[in-house]
Amino acid sequence: MTVTTSPPRLAGIRSRLLSRLAWPKRGSGSGAIAWKAAVIFAPMAILATLAFAAIFTIEQAARDELQLKSLEQIVDVAVVDVNAHLSNGVSDAGFLAEDSALQAWLTNASPANREVLERQFVEFLNHKTRYDSARVLDASGHEVVRVDVNGAGEAAALARRRMQDKATRYYFRATIGLPRGSTYVSPMDLNIEHGKIEEPIRPTIRFSVPIYSSGDSRRGILVLNYHAHDLLDDLDRKAAGRGGEIWLVNGAGYWLLGPDPSVEWAFMYPDREHLSFANAHPDAWAAMRGEGQSAGTISTGTGRFAFAAVDRSTSAGNPDWSIRPRWYAVAFHDLPKTGGGRTDLAGFLAAALAVLALASLAIAYHWQRRVEADAKAWELAERLEVDNRALAAVNRELEAFSYSVSHDLRTPLRSIDGFSLALAEDHSDALDPEGRRYLERIRSAAQRMGQLIDDLLGLARVTRSELRLQSVDVSDLANSVISALEPDHAVAWQVQPGLVAEADARLLRIVLENLLGNAAKFTARTKDARVTVGSRWDQDGPVYFVRDNGAGFDMEHAGRLFGAFQRLHAGEDYAGTGVGLATVQRIVNRHGGRIWAEAAPGQGASFFFTLGKTGK
């Protein structure tokens, strides 16, 4: 490509060069660098300070708002989840209280009716695995029917001698006086048997319903022990899925689900009663207990909270909801996550300004070097203009030489084609069909040779002209080349259908003529010769290939394969000039692709090529 520089262009370079040298005028060397650095740094420092403060403020506000929304969503999901679990418990307790088996036993407490009731409880607990106990307490608070889930996970009735008196337990006292149809939902605590906390601990909610005989005579209560591990695990899992943490706090400010197992259920253990949410976060607890505060957000010195009250009585349908304690769902982000301890803006800004100062010095240094380098630009521009004129002359001479060679080669080809045409038209009767076919092949070869000369000349000028890219049906092109080859031996050709590429059609034809011609040539001594044209895909796109089962070659010599006039087989064995693969490589390179081969002596050869970003 020829590059020229006109006198106006040189004048523009001179003008810009002088302007750079003229400003700022503050000496030379280190003094000039320091002055330039100050000129760069001052306005940039002011703008950086303002921009940094604005961006920090906007991003912090957006981050805070997003975190609040995320906390509120975690709390909302937790409230819905808790209420769903409680509603299921209320529904199940009410179902058992009105079940016909219980009513039959209340009417007639015979052993047979008792066995039916216990079997009903067993089936219920085996089906509803979130419960681990179903009991009937008489009006005095003593257990009279009890079915528990044992350690193997199977429900079984408890012998009457093992039943306990629960008259002093709070859930019996709270339930025995309720009207028919009401349900009492207990606080969540740890299950106690024979006056001791069960080990391993079992978080439990008790759903208790007063039971009446058919004559509306109060006979006792029915109690379902709900294994609350399912509820707590569900809350924790769903909060983790949203990238947060959820706590469940009871009405006294103690963790039922907390940041660490060591602080959970502290109200059940006298030596840990001080480990409460209320003590750890007094400001948040005061806000949550404020009048009319059933949900909200609050930021304190320890972090940011979103909370919502889960009114167990309301969710469970208890009419006396106002005297019932609450649970609170609390989502929390501590200061490192929320940025509650605001990072020192001055520290960040100082670091940014220090970097900016260093950058200013670096820019000033290169600016000064550029000013000094520009002093030589005029001389280099003049030299470039002289060199370009010389290059243009060489290009013109090369083009003239190419056209001369083209003309000298085309003259005998036109003679061959012309005399062959005359022979075919004037003396075809003197030739048998085979002779006429030979004559046609002579003409076809002469015409193809002329086309090849044009293509090679175009390839020589490829760096000075654009490729004529178009969508090419590679399969059709390969079949066309194959039909023109007519090797002297039988070859089984296989062309993968649907091969398409974005390429220069004439140059791609030259690629296929060389590769398929070589494949036909080097399978001449192979029984059952086979040649395949296909493609495969790798990470950069399609890879086209021509594969044969012919003579092959030793990969040790593959480095010489694509050099001009390089041959890996003796001329008396296989004819050729050694130019074809060099031509193929130049065409593939011009398309932005690459070509390589894989072979073994006597086992054939495979030539792979890509067309850069143009292949499809």
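Residues numbered from 1 in each chain as written. Predicted model: local features only at pLDDT ≥ 70, side-chain atom pairs only at ≥ 80, totals over all residues. Heavy atoms only, no water.

A. How the structure looks around unusual backbone geometry. With an omega dihedral of -5°, the bond running from Glu199 to Pro200 counts as a cis peptide bond. Residue placement: Pro200 occurs in the loop between β7 (196-197) and β8 (203-212). The backbone of Asp528 sits at a positive phi, close to 55°, despite the residue not being glycine. Locating Asp528 in the fold gives a position in the loop between α15 (505-521) and β18 (529-538). (Helix = DSSP H or I, 4+ residues; strand = E, 2+ residues; numbered from the N terminus.)

B. A look at the pattern of salt bridges. By the definition in use, this model includes 17 salt bridges. For Arg180, the salt bridge is made with Glu98, and the minimal N-O distance between the two is 3.6 Å. With Arg180 in the loop between α5 (170-175) and β4 (184-185) and Glu98 in the loop between α2 (29-97) and α3 (100-107), this pair connects stretches of sequence that are 82 residues apart. The residue Arg114 makes a salt bridge to Glu118 at a minimum N-O spacing of 3.2 Å. Residue Arg114 and its partner Glu118 are located together in helix α4 (residues 111-127), separated by four residues, close to a single helical turn. Arg114 gets classed as buried once you look at its relative accessible area, which sits at 12%. The exposure class assigned to Glu118 is buried, which follows from its relative accessible area of 15%. Three or more residues joined by partner-sharing salt bridges are found here, namely Asp81, Asp234, Arg237 and Lys238. (Salt bridge = Lys/Arg side-chain N within 4 Å of Asp/Glu carboxyl O. Buried < 20%, exposed > 50% of the residue type's maximum accessible area, 1.4 Å probe, protein only.)

C. Fine view of the environment of Ile482. Structurally, Ile482 is set in helix α14 (residues 474-485). Separated by 13 residues in the primary sequence, Ile482 and Val495 place their C-alpha atoms 9.7 Å from one another. Among all residues touching Ile482, those that are not within four sequence positions of it are Trp493, Val495 and Leu516. (Contact = heavy atoms within 4.5 Å.)

D. Molecular detail of the environment of Met163. Position of Met163 among the secondary structure elements: in the loop between β3 (155-157) and α5. Its relative accessible area of 8% is what places Met163 among the buried residues. Note: C-alpha distance between Met163 and Arg146 (17 residues apart in sequence) is 7.5 Å. The residues touching Met163, leaving out its near neighbours within four places in the chain, are Arg114, His142, Glu143, Val144, Val145, Arg146 and Leu158.

E. Seen up close, the nonpolar core. In this structure, Phe121, Met188, Ile205, Phe207, Leu224, Ile246 and Trp327 are the most contacted members of the largest nonpolar core, which totals 55 residues. At 11 residues, the largest contribution of residues to this core is made by α2. What Phe207 contacts, discounting residues up to four positions off in sequence, is His85, Leu86, Gly89, Val90, Ala93, Tyr131, Tyr184, Val185, Leu222, Val223, Leu224 and Tyr226. Core analysis: the second largest hydrophobic core is formed by 39 residues, Val472, Leu499, Val584 and Phe607 among them. (Core = buried A, V, L, I, M, F, W, Y, C linked by side-chain atoms within 4.5 Å.)

F. Here's a closer look at the sheet that holds strand β20 (residues 595-599). Taken together, five strands build an open sheet; the order of strands is β16-β18-β19-β21-β20 and the sheet is mixed. In this open sheet, the two edge strands, each paired with only one partner strand, are β16 (491-495) and β20. On average, each strand axis in the sheet is inclined to that of its neighbour by 20°, with strand direction left out of account. In terms of strand pairing, β20 meets strand β21 (residues 605-609) through five bridges, oriented antiparallel. Bridging from a neighbouring strand, Ala599 pairs with Ala605 of β21. (Pairing = 2+ DSSP bridges. Axes fitted to C-alpha atoms, helices over the stretch in contact; angles between N-to-C directions.)

G. Quick peek at the packing of aromatic side chains. On inspection of all chains with the given rule, the structure shows 18 aromatic pairs. For the pair Trp255 and Phe277, a centre-to-centre distance of 5.9 Å together with 85° between the ring planes defines the contact as edge-to-face. Separated by 22 residues along the polypeptide, Trp255 in strand β11 (residues 255-257) and Phe277 in helix α7 (residues 277-280) bring together distant segments of the chain. Since its relative accessible area comes to 4%, Trp255 is described here as buried. Three or more aromatic residues link up through ring pairs in this structure, and these residues are Trp247, Trp255, Phe277, Trp285, Phe305, Tyr328 and Phe332. (Phe/Tyr/Trp six-rings, centres within 6.5 Å; stacked < 30°, edge-to-face > 60°.)

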